[in-house]
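# A closer look at the structure
Chain by chain, the residues run as shown.
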Amino acid sequence: MSLTELETFESFDPVNGEVLASYPRHDAAAVHAAVERATEAARWWAELGFQERKRRLLDYKAVLTRNLPRVVAMVSQETGKPEGDAILETALAITHLDWAARKAAKVLGRRRVASGLVAMNMAATLEYLPLGVIGVIGPWNYPVFTPMGSIGYALAAGNAVMFKPSEYTPGVGVLLAELFAEAVPEQPVFQVVTGLGETGAALATDPGVKKIAFTGSAATARKVMAACAQNLTPMVAECGGKDAFIVDAGADLGAAADAALWGAMSNSGQTCVGVERVYAVDSVYDEFLRELTERAQRVKAGEHYGPITMPGQLDIIRRHIDDATGSGKAVVGGPESVRAPFVDPVIVTDVPEDSRAVREETFGPTVTVKRVADVAEALEKANASAYGLAGTIFSGDRKRALELARRMLTGMTAINSIISFAGVPALPFGGVGESGFGRIHGADGLREFTRPKAVSRQRFAMPGMNLTSFARTPAELDRLVKLVTLLHGRRRG
């Protein structure tokens, strides 16, 4: 079936419901044809080597930067988020692309490793080689920053990329690929396929795809994993969270309230690492809550943040608000805050820990706040979640904050800042439990899209130690035992 014969779907303005554009619904045949093109392109891209890929990726970075207004306009159109938020996510994506391009050779390139005394006659090297074609299935809430955390790092590692953007933000994905083609016109190294769930399924089941990077719900991740299992295709999954924010004694409460408000309400709360639960110790609870509520009362949907991009999410947000306010106390907003497609800020206190509003991801501009006796109780409650993506700690005690951060069962933790780890390209991004597995960003993110290649080379024959031969003698084995005993037989503290 040719491109002109493919069925189409439409993208909509989430504020007024108007049609923005139509895009092809790529079926399995169209996806496979694109993967075959990508397979050839991947060979060319890998053979370029680190320096040539770096040069082209830095060109892409420059093209993205020069076209920042176009990208920002498309993001704002398709998600409804304010221009400032679209600028922030695109700027962060550009900094990550720059880091990946510049650091790939150092992280992945061939290097010698020590062979040890037993294998002293060997030279050993380790390098990380590209996998081939990487399939990226992206989300709609951060349609540039999140998928580029996989796309940029996979490209820097030497792979070709097939990107299936969310059906809510297809124009952003198409534009990202078009701009890449301006920087790298020779081969289709970065392609986009658009469509609904069946397009993503076709990508996950295509035997030419060597790894899938998925961002979305845990329920959808399970379906993608089942599809990947058909070809034993590995996968990295980021599946959202229910992130906790701990306010300790001695914290700057104004800064903590400002950070908690931004973390909970920015992007309409549609942030995988957004703040959904706050635990404040008894000694600062009242003042922190006062600071938080005063700030929240000045924030309005449609002015400070945009609409709920995915209409179906409104039902979940309503249910969680009803659940929270039915058992807790609403101090800002309530059920009346939902005025589709917008939701004004909602803050509820004293919500039971076993409620849906505390246990399940809301993905809306709501947050629960709970008084705890001390940080030990705060950490216990923060960790009592099936999710484990990220978290935040505000404290006046640096040592205690660092220890709490280490003990928080998450992939990332920010101290006296909000979501700051996302802006540090060298830090890996990902979670545990229901929040998924694998990592993007940083050296771990580069290695995620490679296969380690180990090579050992004999430099000279070891006299009297020909151990991997049927001709070996008892004397040679005796020498091995003596050497191992000398090296490892004594207990050391």
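Further up the page is the structure itself.
So, here's what we can say about the structure. These numbers come from a predicted model, not from an experiment.

A tally of regular secondary structure across the chain gives 15 helices and 22 strands. The C-alpha radius of gyration computed for the chain amounts to 26 Å, which stays within 12% of the reference 23 Å derived for 493 residues, consistent with globular compactness. Its C-alpha atoms give the chain principal-axis dimensions of about 85 × 65 × 40 Å. Counting all 493 residues of the chain, 53% fall into the buried class. Within the chain, contacts between residues separated by at least 24 positions form 72% of all contacts whose residues are at least 6 apart in sequence. Of the roughly 21500 Å² of accessible surface on the chain, 54% is carried by carbon and sulfur atoms.

This part is about the sheet that holds strand β7 (residues 190-192). Read across the sheet, six strands follow the order β7-β6-β5-β8-β9-β21 without closing on themselves; strand pairing throughout is mixed. Unpaired on one side and paired on the other, β7 and β21 (436-437) mark the two borders of the sheet. With two bridges connecting them, strand β9 (residues 235-238) and β21 associate as antiparallel partners. Its bridge partner lying in β21, Ala 237 is registered against Phe 437.

On the surface, Leu 117, Met 120 and Phe 460 cluster together into a nonpolar patch covering about 270 Å² of accessible area. Tracing the sequence through the fold places Leu 117 in the loop between β3 (111-113) and β4 (122-130).

On a regular strand, one side chain projects to one face of the sheet and the next to the other, so that they alternate. Here strand β1 (residues 8-12) shows a buried face lined by Phe 9 and Ser 11 and an unburied face lined by Thr 8, Glu 10 and Phe 12. Pairing geometry for β1 and strand β2 (residues 19-24), over five bridges, is antiparallel. Each residue of the ladder has a partner; that of Thr 8, found in β2, is Pro 24. Hairpin connection between β1 and β2: a loop of six residues separates the two successive antiparallel strands, and Gly 17 in this loop has a positive phi of roughly 80°.

Tracing the backbone through its elements, the reader meets Thr 413 in strand β19 (residues 412-415). Thr 413 gets classed as partly exposed once you look at its relative accessible area, which sits at 23%. Between the alpha carbons of Thr 413 and Thr 392 there is a distance of 5.4 Å; along the sequence they are 21 residues apart. Of note is the side chain of Thr 413, whose polar atom sits 3.1 Å from the side chain of Thr 410.

As a further point, take the pattern of salt bridges. Under the defined criterion, the tally for this structure stands at 26 salt bridges. Residues Arg 55 and Asp 59 are paired through a salt bridge, measuring 3.9 Å at the closest nitrogen-oxygen approach. Remark: Asp 59 and Arg 55 occur in helix α1 (residues 28-66); sequence separation between them is four residues, near one turn of the helix. Under the relative-accessibility criterion, Asp 59 is labelled partly exposed at 32%. A salt bridge links Asp 248 to Arg 400; the shortest N-O distance between them is 2.8 Å. Residue Asp 248 is located in the loop between β10 (243-247) and α8 (253-265), and its partner Arg 400 is located in helix α13 (residues 398-407); the two are separated by 152 residues in the primary sequence. On the basis of relative accessible area, Asp 248 is assigned to the buried category, the value being 3%.

Attention shifts here to helix α5 (residues 170-183). The first and last C-alpha atoms of α5 sit 21 Å apart over 14 residues, in line with the 20 Å expected at 1.5 Å per residue. Among the 14 residues in α5, 10 count as buried, and that is most of the element. Those residues of α5 that fall on the buried side of the exposure criterion are Pro 170, Gly 171, Val 172, Gly 173, Leu 175, Leu 176, Ala 177, Leu 179, Phe 180 and Ala 183.

Moving on, we get to helix α6 (residues 197-205). The set of residues buried in α6 consists of Thr 199, Gly 200, Ala 202, Leu 203 and Ala 204. Contacts made by the buried residues of α6 are with α1, β5 (133-137), β6 (160-164), β8 (211-215) and α7 (218-229).

The next point concerns the environment of Gly 49. Inspection of the secondary structure assignment puts Gly 49 in helix α1. In this structure Gly 49 comes out as partly exposed when scored by relative accessible area, which is 23%. A sequence separation of 56 residues divides Gly 49 from Ala 105, and the C-alpha atoms of the two residues are 8.8 Å apart.

The element β5 is extensively covered by neighbouring structure, given that five of its five residues are classed as buried. A two-sided burial pattern is seen for β5, the buried positions comprising Val 133, Gly 135 and Ile 137 on one face and Ile 134 and Val 136 on the other. In terms of strand pairing, β5 meets β6 through five bridges, oriented parallel. From the neighbouring strand, Val 133 faces β6, where its bridge partner is Ala 160. As a crossover connection, the stretch from β5 through helix α4 (residues 145-156) into β6 is right-handed. The sheet contact formed by β5 and β8 spans four bridges and is parallel. Across the sheet, Gly 135 pairs through a bridge with Ile 212, a residue of β8.

Across the interface, α1 lies against α6 with an axial gap of 9 Å and an inter-helix angle of 45°. The angle between α1 and α6 places the two elements in the oblique class. Crossing of α1 against α6: the hand is right-handed. Contact residues: Ala 28, Val 31 and Val 35 in α1; Thr 199, Ala 202 and Leu 203 in α6. For the contact of α1 with α6, the class distribution of residues is five nonpolar, one polar and no charged.

Mapped onto the fold, Glu 294 is located in helix α9 (residues 282-296). The spatial distance from the C-alpha of Glu 294 to the C-alpha of Leu 57 is 45 Å, given a sequence separation of 237 residues.

Right, let's get into the nonpolar core. Formed by 87 residues in total, the largest nonpolar core has its most connected members in Tyr 60, Phe 190 and Ile 212. The greatest single-element share of this core, amounting to 12 residues, is contributed by α1. Each residue touching Phe 190, except ones within four places of it in the same chain, is listed here: Tyr 60, Ile 151, Val 161, Phe 163, Leu 176, Ala 177 and Phe 180.

Conventions used here
Residues numbered from 1 in each chain as written. Predicted model: local features only at pLDDT ≥ 70, side-chain atom pairs only at ≥ 80, totals over all residues. Heavy atoms only, no water. Helix = DSSP H or I, 4+ residues; strand = E, 2+ residues; numbered from the N terminus. Rg over C-alpha atoms; globule rule 2.2 N^0.38 Å. Buried < 20%, exposed > 50% of the residue type's maximum accessible area, 1.4 Å probe, protein only. Contact = heavy atoms within 4.5 Å. Areas by Shrake-Rupley, 256 points an atom, 1.4 Å probe, with all protein chains shown as cover. Pairing = 2+ DSSP bridges. Patch = residues over 30% accessible without salt bridge, like charges linked within 9 Å, V, L, I, M, F, W, Y side chains within 5 Å. Salt bridge = Lys/Arg side-chain N within 4 Å of Asp/Glu carboxyl O. Polar contact = N/O pair within 3.5 Å; in protein donor to acceptor, adjacent residues only side chain to side chain. Expected span 1.5 Å × (residues − 1). Right-handed = clockwise from strand over helix to strand, strands pointing away. Axes fitted to C-alpha atoms, helices over the stretch in contact; angles between N-to-C directions. Parallel < 35°, antiparallel > 145°, perpendicular 65-115°, else oblique. Left-handed = near helix turned anticlockwise from the far one by under 90°. Nonpolar A, V, L, I, M, F, W, Y, C, P; charged D, E, K, R; others polar. Core = buried A, V, L, I, M, F, W, Y, C linked by side-chain atoms within 4.5 Å.

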